[in-house]
Amino acid sequence: MAGSLDVGYDHGSQSDDSSQFERSHIEPLYDAFVCPLSKQIMRDPVTLETGITYDREAIENWFKDCKENGRKLACPITLKELRTTDLNPSIALRNTIEEWNARNEAAQLDIARRSLSVGNPETEIMPALRFIKKLCQKNLSNKRVVRNANLIPMIVDMLKSSSRRVRCKALETLHSAVEEDSDNKEIMAAGDIVRTIVKFLSHEKSKERDEAISLLYELSKSETLCEKIGSINGAILILVGMTSSKSENLLTVEKAEKTLENLERCESNVRQMADYGKLQPLLTLLLGGPAETKLSMAVYLGELVLNNDVKVFVAKTVGSSLIDLMKVGNMQSREAALKALNQISSFEASAKVLIDEGILPPLVKDLFNVGKNQPMRLKEVSATILANIVNSGSDFDSIPVGPNHQTLVSEDILHKLLHLISNTGPVIACQLIQVLVGLAYSQTTVHSVVGAIKSSGATTSLVQFIEVPQKDLRAASIKLLQNLSPHMGQELAHSLRGAGGQLSSLIDIISENVVITEEQAAAARLLAELPERDVGLTRQMIDEGVFQLVISRVLRIRQGETKGSRFMTPYLEGLVRILARITFVFPEEPETIRLCQEHNIASIFTEMLQANGLDNIQMVSAMSLDNLSQESKNLTKLPELPSSGFCVKMFPCFSKTTVITGLCGVHRGRCSLKDTFCLVEGQVLEKLVALLDHTNVKVVEASLAAMSTLLDDDVDIENGVTMLCETDAVKPILTILMEKRTETLRRRAVWVVERLLRGDDIAIQVSAEPNVITALVDAFQHGDSRTRQIAENALKHTDNFPNFSGIFPNFGQ
C-alpha cells in the first residue's frame, strides 16, 4: 500500500501527525490506485497500448520529457516503444478511486471534527487543519462538504488558540475554505468573525498578519463583507496605514491595497478612507459616479479637514469639476461644491490652482447676484472663498472676472464690494474686508483700492467698523486700515479725529491685558502710520492719555512683564512709532515738552537704540532723539553770573574770573537727558555711534542726523567736535562719506565732515587721507547745489580747493 493520504504542506516536519488519518481508512489502499510513475494516488487514470495504467498528468510529463531529450516514446514500465501515444481513460478505475477517497475523506473529516477543539494539544489540531486545507484546495465541491460539516465555525474557534502556529494554520485554512466560494464567505460575515481577523492586522511583521490580510482580501471580494469589514472600527485605518508603510512586506502592501480597492464599492468605506487621508476613491466617485453619488462625495469633501499638500492634490484633481458644479448645478449641488471649494482654497498653492481653473468669474458673479437664487448662506461661503483666493497673492490686476475684461481691482468691481460690505451681515462684510486686505497688501493693487475707497467716499464707513462688537469683523477692518494708512493717512487721521469714538476704541484694543494678538499689533501699527505732524490728531491723543498708556506698555515689554507672541515685534514697533509722534509737534504743542520731561522720554528712546534686530525701532528711536536734541539749546538753563561790585567796576584789575562747573560744553548751560534731552548726557552719543556701521541705511541716516544736532550753528561746534572725537565717531563718519550708500546719507555725511574739518587737527589728518578727499571731490562734482557748496567748504579746510574759485562760474553752484 502507498503511504499516508495527508500530504499537505510542511508535513515533513510532522511525519507522525497524519498517522491517525491514515489509520482511519475503511478500506486498504490498493496498489492499482497508485500511479507507477508518480507513486501517488491517481486522479485521472489512463491506459497505454501496453496495458499499463498511469495518472494522465504523470504520463504526459513523461512523453514531454522524452521529446525534449530526443528519446523514443516508450512505456516507462515495459520500456516498449509505443506506436501511438493515445491515452485511454480508465473510467471504472477513476470512479472506484473517487468512491474510495470519498469514504476515507468522510472518515478523516469525522476525526478532524473531533480534533478541532481549543483544549486539544497542538499535535492533534495541526494535522486536522492541514487536512481540511488540502481538501478545500482539491475542488470546489469539497468546500461545500466542509461547509455542510459545519467545520468553518470550528476553524474560526482555533483563532483563539494560545498557539501561534495553530492561529496561523487556522487563518490559512479559512482562506482555502472561502476562496471562490460565496456561500462560505457568507458564513464568515456572521458574528465577530471579521472583527477577530482584523485584530490580527495589528500584529506587526508577523506570519499571522500576513495570513490575515490574505484572508481579508479574499473576503473583501464579497460586497456583503465589504460593508462588514468597513463597519469594524479601525479596519480601514489599519489598511490605509499598511499601504503607506515603507517597512511593510511588499506582498502585504499589495494585498492591503487590493483589499481597499474592493472596499471602495461601499460609499461609507470611501468616506472612511477619505477621513484617513486616502482621498483618491472619493475623488474618483466625484468625477465619474452617478449624480447622486457625486453630490454625496462633494458634500463629504466639504466636511473634511485637509492638510495643505492634500488641498493642492484635490484642487488639481477635481477643482474644475467643482467649479462646473458651482456654475450649473442645482442649489444643493452648488452649496456642496462651494463648501468643498472653501476647504481647498484656504492654502495659497491650491488657491492658485483654482484661479487657473477659472474660479474667479463665477465666484464674483454669484457674490454680486441679487435675488432668491443666491441664499445669504451661500454668499457667505462665496465671500470666504474669494478672501482665500485673494490671500494667495496672485496678480489680480490681470485676471479677468467680468464680461468686459474687468478685474478685481477695476473701480466698478471694487465699488460693488464696498457696497456689499456696508449692506450685508457681519459675516459677509468680514470676509469681503479680508478681500480688500489682500488687495491692499500688494503694491501693484493697493493704489486701485485706495482710489476706489476715496471715489466712493467709503473711508468713514470703514473706520466705523473699528467699534463693531464682532471681533473678527473689527480685526479685519483694523488690518485693512493699517494696510491703507501709508497711502491715505491724512484721510484716516481726519476720520479718527472726529467724535465717533474710533480713536478711543483703537486705544482700548492696544491696551488689552492679554497675550499680544494680531489685532493689537495691527491697531498699534495703524496709529503709527498716520501722519506724525498732524497736530490735531496728536493733541487729541494727548487729551485721551494715549502717550502715557503707550509708555507704560513699552516699559512693561522691556521689563518682560508682557507675554510674548509672534506679534510682539510689530506691536512694539507700533508703540514706539506712536510715542515718536510727540517729538514732531514741539513748536505747535509746547505741552508735549513737559510730557516728555515728566516721563523721561529721551531715556526710553535711548534704551531702544539697543533693540538689536529691530531695525525700524532703532531708526524711529534715533529720529526721535534727533527731534528731542534740537530742543536742547532752547531748554538748557544758562548760568547766572554774580554781579560785579563797585570796586571791580572802578578797578578792573581787581576782578577775578568766575569759574562755573557742571556746564554742558555743547549747550553752554546745565543739561540733563531728562529735562533738556541732551545727547551728551546718559551715554546717548556712544549708542548712536555704535549704529553708524548698521547694515540698514535708514538706521544709519537717523543716527547720523541725531548726532548732527551737536554741531548745529546754535551750539558750541568746537566742543561738539570734541565730543564726537572722544566717542570715536570721526572714523565711522568718514567711512560713511566714502561708501556713498545713498544720496541722503552722503549729503548728511558731507555736512558733518565739513563741521569736523573746522578743527585744524582733524583737517590736517584728513588732508592726508586721499580716499576722503576723493569722496569730497565726488560730492562736489555730483551732489545737489547745497551739497556741492558744503563739499567746497570742506575741501577748503583741507587746502584742497583754491581760494579764488569764485572766478570759475561753475564752482559753488
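In this convention, every chain numbers its residues from 1, walking through the sequence in written order. It should be noted that, the model being predicted, local features are given only for residues of pLDDT at least 70 and side-chain atom pairs only at 80 or more, the latter also being counted only at that level, while totals for whole chains, interfaces and linings use all residues. Derived side-chain values reflect all non-hydrogen atoms in the structure, with water molecules and hydrogen atoms excluded from consideration.

## Things to note about the packing of helix H4 (residues 122-138) against helix H5 (residues 140-148)
- At a closest axis distance of 5 Å, the pairing of H4 and H5 adopts a crossing angle of 135°. Judged on the interaxial angle alone, H5 and H4 are oblique. For the pair formed by H4 and H5, the contact residues are Ile 132, Leu 135, Cys 136 and Lys 138 on the first element and Asn 142, Lys 143 and Val 146 on the second.
- Residue polarity is assigned by list, with Asp, Glu, Lys and Arg as charged and Ala, Val, Leu, Ile, Met, Phe, Trp, Tyr, Cys and Pro as nonpolar; anything else, Gly included, falls into the polar class. Of the residues in the contact of H4 with H5, the class split is four nonpolar, one polar and two charged. Simply put, an axis is a line fit to the C-alpha atoms, just over the touching stretch for a helix, and the angle between two N-to-C directions goes from 0 to 180 degrees. Helix numbering and strand numbering both begin at the N terminus, where a helix is a DSSP run of H or I of at least 4 residues and a strand a DSSP run of E of at least 2. In what follows, roughly perpendicular refers to angles from 65 to 115 degrees, roughly parallel to angles under 35, roughly antiparallel to angles over 145, and oblique to any angle outside these ranges. Between two residues, a contact is recorded if the distance between any of their heavy atoms is within 4.5 Å.

## Regarding the nonpolar core
- For this analysis, a nonpolar core means a set of buried residues of the types Ala, Val, Leu, Ile, Met, Phe, Trp, Tyr and Cys, connected via side-chain atoms within 4.5 Å. Only protein chains enter the accessibility calculation, which uses a 1.4 Å probe; a residue is then buried when its area is under 20% of its type maximum, exposed when over 50%, and partly exposed in between. Membership of the largest hydrophobic core comes to 191 residues, with the highest contact counts inside it found for Leu 282, Leu 301, Leu 322 and Ile 733.
- With sequence-adjacent residues up to four places away left out, Ile 733 is seen in contact with Leu 692, Leu 704, Met 707, Leu 724, Val 752, Val 753 and Leu 756.

## Observations concerning the packing of aromatic side chains
- Centres within 6.5 Å are what make two rings of Phe, Tyr or Trp a pair, Trp counting through its six-membered ring; a difference in plane orientation under 30 degrees is then read as stacked, over 60 as edge-to-face, and the rest as tilted. Under the definition given, this model contains three aromatic pairs.
- Measuring from centroid to centroid gives 5.6 Å for Phe 33 and Trp 100, while their planes differ by 65°, and the two rings are edge-to-face. Separated by 67 residues along the polypeptide, Phe 33 in the loop between helix H1 (19-22) and strand S1 (45-47) and Trp 100 in helix H3 (residues 91-115) bring together distant segments of the chain.
- Aromatic pair Phe 586 and Phe 677: ring centres 6.4 Å apart, planes at 10°, arrangement stacked. Taken together, the positions of Phe 586 in the loop between helix H31 (568-580) and helix H32 (591-598) and Phe 677 in the loop between helix H36 (646-650) and helix H37 (684-690) put the pair 91 residues apart, joining distant regions of the chain.
- Phe 586 gets classed as buried once you look at its relative accessible area, which sits at 4%.
- Cluster of aromatic residues (ring-pair linked, three or more members): Tyr 30, Phe 33 and Trp 100.
- Two thresholds decide whether a charge sits over a ring: the Lys NZ or Arg CZ must be within 6 Å of the ring centre and within 35 degrees of the ring normal. Cation over ring: Arg 71 sits above Trp 62, and NZ or CZ is 5.5 Å from the ring centre.
- If you follow Arg 271 out to its NZ or CZ, it ends over the ring of Tyr 300, 5.9 Å from the centre.

## A closer look at helix H18 (residues 331-344)
- In this scheme, a helix's expected span is set at 1.5 Å multiplied by one less than its residue total. Its 14 residues place the ends of H18 20 Å apart at the C-alpha level, agreeing with the 20 Å of an ideal helix rising 1.5 Å per residue.
- H18 sits mainly inside the fold: 10 of its 14 residues count as buried.
- Ser 333, Arg 334, Glu 335, Ala 336, Ala 337, Leu 338, Ala 340, Leu 341, Gln 343 and Ile 344 are the residues of H18 that are buried.
- Next to the buried residues of H18 lie helix H16 (291-303), helix H17 (308-328), helix H19 (348-356), helix H20 (360-368) and helix H21 (376-390).
- What qualifies as a polar contact is a pair of N or O atoms within 3.5 Å, subject to a donor-acceptor requirement within protein and to the restriction that residues adjacent in sequence count only when both atoms come from side chains. The backbone nitrogen of Gln 332 has a side-chain oxygen 3.2 Å away, supplied by the residue at the start of H18, namely Asn 330.

## Things to note about the UniProt feature "domain: U-box" (unreviewed entry) in the protein chain
- UniProt positions are given in the numbering used here, feature names are shortened, and annotations may be inferred rather than shown by experiment. With numbering aligned to this structure, UniProt lists the feature "domain: U-box" (unreviewed entry) at residues 28-107.
- Between the end C-alpha atoms of residues 28-107 there is a gap of 13 Å, over a span that is 38% helix and 10% strand.

## Details of the side chain of Gln 406
- Looking at the element boundaries, Gln 406 is found in the loop between H21 and helix H22 (411-423).
- For Gln 406, a relative accessible area of 15% translates into the label buried.
- What Gln 406 contacts, discounting residues up to four positions off in sequence, is Ile 399, Pro 400, Val 401, Asp 412 and Ile 413.

## Focus: the environment of Phe 200
- Within the secondary structure, Phe 200 is located in the loop between helix H9 (193-199) and helix H10 (207-219).
- Judged by its relative accessible area of 5%, Phe 200 is buried.
- Separated by 10 residues in the primary sequence, Phe 200 and Asp 210 have C-alpha atoms spaced 8.8 Å apart.
- Leave out the neighbours within four places in its chain, and Phe 200 touches Leu 159, Arg 167, Leu 171, Glu 208, Arg 209 and Ala 212.

## Comments concerning the packing of H22 against helix H23 (residues 426-441)
- Remark: H22 packs on H23, axes separated minimally by 9 Å, with the N-to-C direction vectors making an angle of 145°. Classified by chirality, the crossing of H23 by H22 is left-handed. Note on element contacts: H23 touches H22 through Ala 429, Leu 432, Ile 433, Val 435, Leu 436 and Leu 439, opposite Leu 414, Leu 417, Leu 418, Leu 420 and Ile 421.
- Across the contact of H22 with H23, the residue classes break down as 11 nonpolar, no polar and no charged. Crossing chirality is assigned from the near helix's rotation relative to the far helix, an anticlockwise turn below a right angle marking it left-handed and a clockwise turn marking it right-handed.

## Let's talk about the sheet that holds strand S3 (residues 88-89)
- For two strands to be treated as a pair, DSSP must find at least two bridges joining them. Across the sheet, which stays open at both edges, the three strands sit in the order S2-S1-S3 with antiparallel pairing between neighbours. Both edges of this open sheet fall to strand S2 (53-55) and S3, since each of them pairs with a single strand only.
- Looking at chain direction, S1 and S3 are connected through two bridges and run antiparallel. What sits directly across from Val 46, in S3, is Pro 89.
- Docked against the sheet, helix H2 (residues 56-68) engages S1, S2 and S3, running at close to 90° with respect to S2.

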